[in-house]
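Chain by chain, the residues:
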Amino acid sequence: GLRLRRLVAPANNNDGSPVTEHCVKGRRLFVKRDDLLRLEGSGLSGNKARKLFAVHNIPSQDFPKRMCSHGGAQSNAMLAIAKLAKSRG
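Note that the structure is predicted; figures quoted are calculated from it, not measured.

*Asks:* Any chance you could explain the overall build of the chain here in plain terms?
*Replies:* The secondary structure content of the chain amounts to 3 helices and 5 strands. Overall, the chain shows an N-to-C arrangement of helices and strands of β-β-β-β-β-α-α-α. Sequence separation of at least 24 residues holds for 26% of the intrachain contacts in the chain that already meet a minimum separation of 6.

Here it is in structure tokens:
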């Protein structure tokens, strides 16, 4: 089975996702742990939080008044962008 060996990259690395190192059948395996990532105040977590990490960290005075994106009907990306924008005012 999987055994956690150590945290390789802390949650404050470049994109916010911690990376853990595991040993599986004697081989090193690195796992990007988006499931542990949360964007404070936005309600976003997981891969959507990782994808919007840079936008989340834009200073308030530089944060865009409007954002434009596109996605499929089944995509949660538009909801995530809307939640982030609402959390920033």
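*Asks:* Sorry, what's going on with the nonpolar core here?
*Replies:* Within soluble globular proteins, side chains that are nonpolar generally end up buried alongside one another. Membership of the largest hydrophobic core is limited to 8 residues, which are Leu37, Leu39, Leu44, Ala49, Leu52, Ala80, Ile81 and Leu84. Element by element, the count of residues in this core is highest for helix α3 (residues 77-87), at 3 residues. Setting aside residues no more than four positions away along its own chain, Leu44 makes contact with Leu37, Arg38, Leu39, Ala49, Leu52, Ala80, Lys83 and Leu84.

*Asks:* Looking at this structure, how should I read the environment of Glu21?
*Replies:* Structurally, the position occupied by Glu21 is in strand β2 (residues 19-24). Linking Glu21 and Lys32, residues 11 residues apart in sequence, is a C-alpha distance of 9.1 Å. A distance of 2.8 Å separates the side chain of Glu21 from the side chain of Arg28, its partner in a polar contact.

*Asks:* Explain the pattern of salt bridges here, please?
*Replies:* Counting across every chain of the model gives 3 salt bridges. Close ionic contact of Arg33 with Asp35 constitutes a salt bridge, the shortest N to O distance being 2.6 Å. The class of Arg33 is partly exposed, set by a relative accessible area of 22%.

*Asks:* Sorry, what's going on with the side chain of His56 here?
*Replies:* Tracing the backbone shows His56 in helix α2 (residues 53-56). Residue His56 is classed as buried on the basis of its relative accessible area, which comes to 16%. In this structure the side chain of His56 is engaged in a polar contact, spanning 3.2 Å, whose partner is the backbone oxygen of Glu40. Setting aside its immediate chain neighbours within four residues, His56 contacts Leu39, Glu40, Leu84 and Arg88.

*Asks:* Whenever I open this one, the pairing of strand β3 (residues 27-32) confuses me. Can you help?
*Replies:* A regular strand carries its side chains on alternate faces of the sheet. Here β2 runs beside β3; their pairing, made up of 6 bridges, is antiparallel. Residue pairing for β3: Val19 is matched across the bridge by Lys32. With antiparallel pairing between neighbouring strands as the criterion, β2 and β3 make up a hairpin whose turn holds 2 residues, including Lys25 at a positive phi of roughly 50°.

The rules behind these values
- Residues numbered from 1 in each chain as written.
- Predicted model: local features only at pLDDT ≥ 70, side-chain atom pairs only at ≥ 80, totals over all residues.
- Heavy atoms only, no water.
- Helix = DSSP H or I, 4+ residues; strand = E, 2+ residues; numbered from the N terminus.
- Contact = heavy atoms within 4.5 Å.
- Core = buried A, V, L, I, M, F, W, Y, C linked by side-chain atoms within 4.5 Å.
- Buried < 20%, exposed > 50% of the residue type's maximum accessible area, 1.4 Å probe, protein only.
- Polar contact = N/O pair within 3.5 Å; in protein donor to acceptor, adjacent residues only side chain to side chain.
- Salt bridge = Lys/Arg side-chain N within 4 Å of Asp/Glu carboxyl O.
- Pairing = 2+ DSSP bridges.

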